Structures are given as structure tokens and as C-alpha cells.
Amino acid sequence: AQKITQTQPGMFVQEKEAVTLDCTYDTSDPSYGLFWYKQPSSGEMIFLIYQGSYDQQNATEGRYSLNFQKARKSANLVISASQLGDSAMYFCAMREPNTGNQFYFGTGTSLTVIP
Amino acid sequence: NAGVTQTPKFQVLKTGQSMTLQCAQDMNHNSMYWYRQDPGMGLRLIYYSASEGTTDKGEVPNGYNVSRLNKREFSLRLESAAPSQTSVYFCASSGWRRGNQPQHFGDGTRLSIL
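Residues numbered from 1 in each chain as written. Chains lettered and ligands numbered in written order. Predicted model: local features only at pLDDT ≥ 70, side-chain atom pairs only at ≥ 80, totals over all residues. Heavy atoms only, no water.

(A) How the structure looks around the layout of surface pockets. Of the voids in this model, the largest pocket is the one considered here, and its volume is about 320 Å³. Counting only elements with at least two residues in the lining of the largest pocket, the list comes to strand E11 (102-105) of chain A together with strand E5 (43-49) of chain B. It is E11(A) that contributes the most residues to the lining of the largest pocket, four residues altogether. Looking at the second largest pocket, its volume works out to about 200 Å³. At the level of elements, strand E10 (88-96) of chain A together with strand E9 (87-94) of chain B are the ones that each hand at least two residues to the lining of the second largest pocket. No other element matches E9(B), which puts three residues into the lining of the second largest pocket. Residue classes in the lining of the second largest pocket are distributed as seven nonpolar, eight polar and two charged. (1 Å grid on protein atoms, 1.4 Å probe; cavity = no way out; pocket = protein on both sides within 12 Å on 5 of 7 lines; lining within 4 Å. Points joined across faces, edges and corners; volume = space filled by probe spheres on them. Helix = DSSP H or I, 4+ residues; strand = E, 2+ residues; numbered from the N terminus. Nonpolar A, V, L, I, M, F, W, Y, C, P; charged D, E, K, R; others polar.)

(B) Region of the structure containing the packing of aromatic side chains. Evaluation of the coordinates by the stated rule reveals 16 aromatic pairs over all chains. Here Tyr64(B) and Tyr89(B) contribute two aromatic rings whose centre-to-centre distance is 5.9 Å and whose plane-to-plane angle is 65 degrees, an arrangement assigned as edge-to-face. Placement of Tyr64(B) in strand E7 (residues 64-68) and of Tyr89(B) in strand E9 is noted, with a sequence separation of 25 residues between them. For the pair formed by Tyr64(B) and Tyr89(B), the shared burial category is buried. Every member of this aromatic cluster is reached through a ring pair, and the members are Phe35(A), Tyr37(A), Phe47(A), Tyr50(A), Phe103(A), Phe105(A), Tyr33(B), Tyr35(B), Tyr48(B), Phe90(B) and Phe105(B). The cationic tip of Lys3(A) hangs over the ring face of Tyr104(A); the distance from NZ or CZ to the ring centre is 5.3 Å. Directly above the ring of Tyr64(A) sits Arg63(A), whose terminal nitrogen or CZ lies 5.8 Å from the centroid. (Phe/Tyr/Trp six-rings, centres within 6.5 Å; stacked < 30°, edge-to-face > 60°. Buried < 20%, exposed > 50% of the residue type's maximum accessible area, 1.4 Å probe, protein only. Lys NZ or Arg CZ within 6 Å of the ring centre and 35° of its normal.)

Written as C-alpha cells, this is what we have:
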């Protein structure tokens, strides 16, 4: 079974609008971490935001927020006030400390911001 | 502030040739990883090293070997390159097993095998 599922291969959003990128995960470990990364066309992987499994509040970092629904095992990334520079691939990842500190990645969502 | 450094950035090989991808991190991280990225498949883990002195197979280890030379360096070797190994390779490192420490990535190596 896939540890991380991203069901949206491609998304479009109008500039200045908000967009939600979906991510669901699968783990039986009570302790885990969830991460989102951005990969622009230049290729580098940029860490955006983190959510711990025991965190009571949703994580926020500037225009990025993580909609964490533990019972549903979802960790959706919300980007507010989209900018042209947000056009990129976005990857959801999960860390399981009890599996040798492995990280598991989804297949990514390609976001295009339309002017 | 170098972070994770990968060399080379680009490489073209002929089928059957061997080569080693180098990776070094200067963040005193315990864990290091090698991934390959192919279109539509996200990042797939080849090998990882949870701590110095240990290495483990990931999802797609066949055709590769690794060496954790010391805490800083983690190399990936292709003994006999095949066209199916054409990909972008990323090295990453991470801190403690618990907590909010993300992986830090190198800039990638674009490898083509003819």
C-alpha cells in the first residue's frame, strides 16, 4: 500500500486565489511527521512546512498552511494568495521514526498559477 | 552555508560503464539518503543510512551500491550502468529520528545512460 497518496497530478489556480493540494497518508505508527516540499522547474527541493502527529494545531508558515485531519489521515497543503512563483511541483512526505528514519514521498502535484 | 553537496551535476555514461555519485553534508546530520526521480513517479528511495556505519535498502536498490564513508559523506555507485538508470539522483540528509527536522536535499545529478 502507498504510504503517501497525492491524487491531483495537476492543478491550476488563478493568481491571488487560494489553492488546496491534497495528501493522504497511511501509517500505524502513532508518532510520525508530515512535510511538504516545493520543486520549481530549476529542480531543487525546498522544504515548506511540517506537521507532527501530536501537534494540536495546524501548522502555518507565511502563506502556507497545513490542514491536518488526523482521523482522516490527510495533510492537505493550503497556499493562500497564489503568486506566479508558486508554479512548481509539490510533494507531500511522511517520516516514520521507527522505520530507520525513512521518509516516504508522494508522486507530486504540478501547480500552475495563471495570471 | 553549503548544506548538501552533490557531484557531479551532470553525467553521460555508456551502458556498462561504472561511476560513483558523491554526496557530502556539513550539517552534522546522522541520516543520509539517495533517491532517484523519474517523471510521474516522485522520489523513490534507493538506499539510506540512518546513522554512520549503517546502510539499508530502500524501494529500488537493484543495480546500486552505497558507502557511508563517514558521518559527512554518502556515495552511490552504479557498477554497470543500464539505460533504465537514466534519472535525476538526489542526495538528502536529516537530523534526529524524532522531531520536526526535514530532509535537506542536494541540487541533484542528472545522469543519462546511452
